[in-house]
Each structure stands twice: as structure tokens, then as C-alpha cells.
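Secondary and tertiary structure notes
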Amino acid sequence: MGGRKSAILNQVFDSFRPSSHANWLRYSRQRNIQQVKRIPEKLTRNARHLRNNATPAERILWNILCQYRPRFTRQLPIVPYIVDFAHRKAKLVIELDGSQHLDSKEEDFIRTEYLVKRGWKELRFWNSEVMENTHGVAEIILKTAAERLGGKELEAVPPRKRKREPD
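In what follows, the accompanying structure is described. All values derive from a computational prediction rather than experimental measurement. Residue indices follow the written sequence of each chain, beginning from 1 at its first position. Totals for whole chains, interfaces and linings use every residue, but because this is a predicted model, local features are given only for residues with pLDDT of at least 70 and side-chain atom pairs only at 80 or more, for both listing and counting. The basis for every side-chain value is the complete set of non-hydrogen atoms in the structure, without hydrogens or water.

Before going further, it helps to examine the overall build of the protein. Strands here mean DSSP runs of E at least two residues long; helices mean DSSP runs of H or I at least four residues long; both are numbered from the N terminus. Scanning the protein for helices and strands turns up seven helices and six strands. Listed by position from the N terminus, the elements making up the protein come as α-α-α-α-β-β-β-β-α-β-α-α-β. Counting all 167 residues of the protein, 31% fall into the buried class. Contacts are residue-level and defined by heavy atoms, with any inter-residue pair within 4.5 Å sufficient. When contacts within the protein are restricted to residue pairs at least 6 apart in sequence, those whose partners lie at least 24 apart make up 59%. Note that accessible areas follow from Shrake-Rupley with a 1.4 Å probe, and for residues the cover is restricted to the protein chains shown. About 12600 Å² of surface is accessible on the protein, with carbon and sulfur atoms providing 51% of the total. Using a 1.4 Å probe on the protein chains alone, a residue whose accessible area is under 20% of its type maximum counts as buried, one over 50% counts as exposed, and one in between counts as partly exposed.

Right, let's talk about the pattern of salt bridges for a bit. Every case where a carboxyl oxygen of Asp or Glu lies within 4 Å of a side-chain nitrogen of Lys or Arg is listed as a salt bridge. Evaluation of the coordinates by the stated rule reveals five salt bridges. Here Arg 124 makes a salt bridge to Asp 97, at a shortest N to O gap of 2.7 Å. Residue Arg 124 is located in strand 5 (residues 121–126), and its partner Asp 97 is located in strand 4 (residues 92–97); the two are separated by 27 residues in the primary sequence. Here Arg 124 falls in the partly exposed class, since its relative accessible area comes to 27%. Across the pair Arg 124 and Glu 122 runs a salt bridge whose closest N-O atoms are separated by 3.3 Å.

Strand pairing requires that DSSP identify at least two bridges connecting the strands. The four strands lie next to each other as 2-3-4-5, forming an open sheet whose pairing is mixed. The sheet is open, and its two edges are formed by strand 2 (73–78) and strand 5, each paired on a single side. Adjacent strand axes in the sheet meet at a mean angle of 45° when their direction is disregarded. Across three bridges, the pairing between strand 3 (residues 81–87) and strand 4 is antiparallel. Note on strand 4: the bridge partner recorded for Ala 86 is Val 93. Axes here mean lines fitted to C-alpha atoms, for a helix over just the part in contact, with angles spanning 0 to 180 degrees between N-to-C directions. Packed onto the sheet, helix 4 (residues 56–65) meets strand 2, strand 3 and strand 4 and runs at close to 35° relative to strand 3.

Structure representation (C-alpha cells):
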């Protein structure tokens, strides 16, 4: 960028230095800047707790999915829900259901409808299915993500080399 353009931009930025949150809100409304909606703290805490206390099926599936790029994420808050796994770029949600979901079919349906209306595709698998056929489930997930990315295959990245401790 040329020196003159740079100087003009610096003047513009220097002329506005919001001194408070209220000034920023006023400025953003005038300029029609969209505010980023924050995820409620309680939902964030719940998602963190679920990540730290994953079920065996979630851990096994995550060991496969975490190797692919673009990345998957675990326990993603999509207000007001927390999904087990998601691929943000492909707008793909993966839910692993245990026995507690036998009694909550209606709530699951409502949740699925909510996500679909927002452009997400949801895949559901039983925990037992993941435990018995982990690679088959992972293959379905990866294929669906690739389709939603316009046929672009996800790439497995080699595992990171860990630094060896000196003997």
C-alpha cells in the first residue's frame, strides 16, 4: 500500500478511538457493523465439561476425525444446543446417541429441525454402532463432509512428532 493511502487510513483510525463500550456501540450502529453474538457462559461451561468428560465412543471417533483438515470440532455450542461433533465449513453436525436418546425422540426431532433451518446437516449414530464399526462410521462422516464441501476430499495430516526427552 502506498505511503499516501497508508497515511490517510492512519488518520481515519486515529480520528476514532472508542474510549468505551458505549462509544463503540454508537459507532458500530452508525456504520452498520454487525455485532458478534457471544455464546452464553453457561453453554460454554457445559461444552467444556462435555469435552473433558467424553464417552468412550466419542473418544474413539475423535481419534479418527481429529486427523483431518479442514478440521472437525467437538462439543460445539450452536445456541441453544451443544452438538457432539461438527465440521463448520461443511455445516455438518454429528451426534452420537446413547440409551438416553430412546426416550427423547421428540426433542431430538425438534433439535434436528432447528439445525436444518440454519443450514446444518445432521448425522446420527448409536454409540454401539461407533464401538462396533468405528471406521465405517468415520467413512460415512468423511464422505458426507466431502460432498458438502463440493466434492473436495478431506486430507489426513500426519500425526505431530513429539519432542523426545533427553536421556
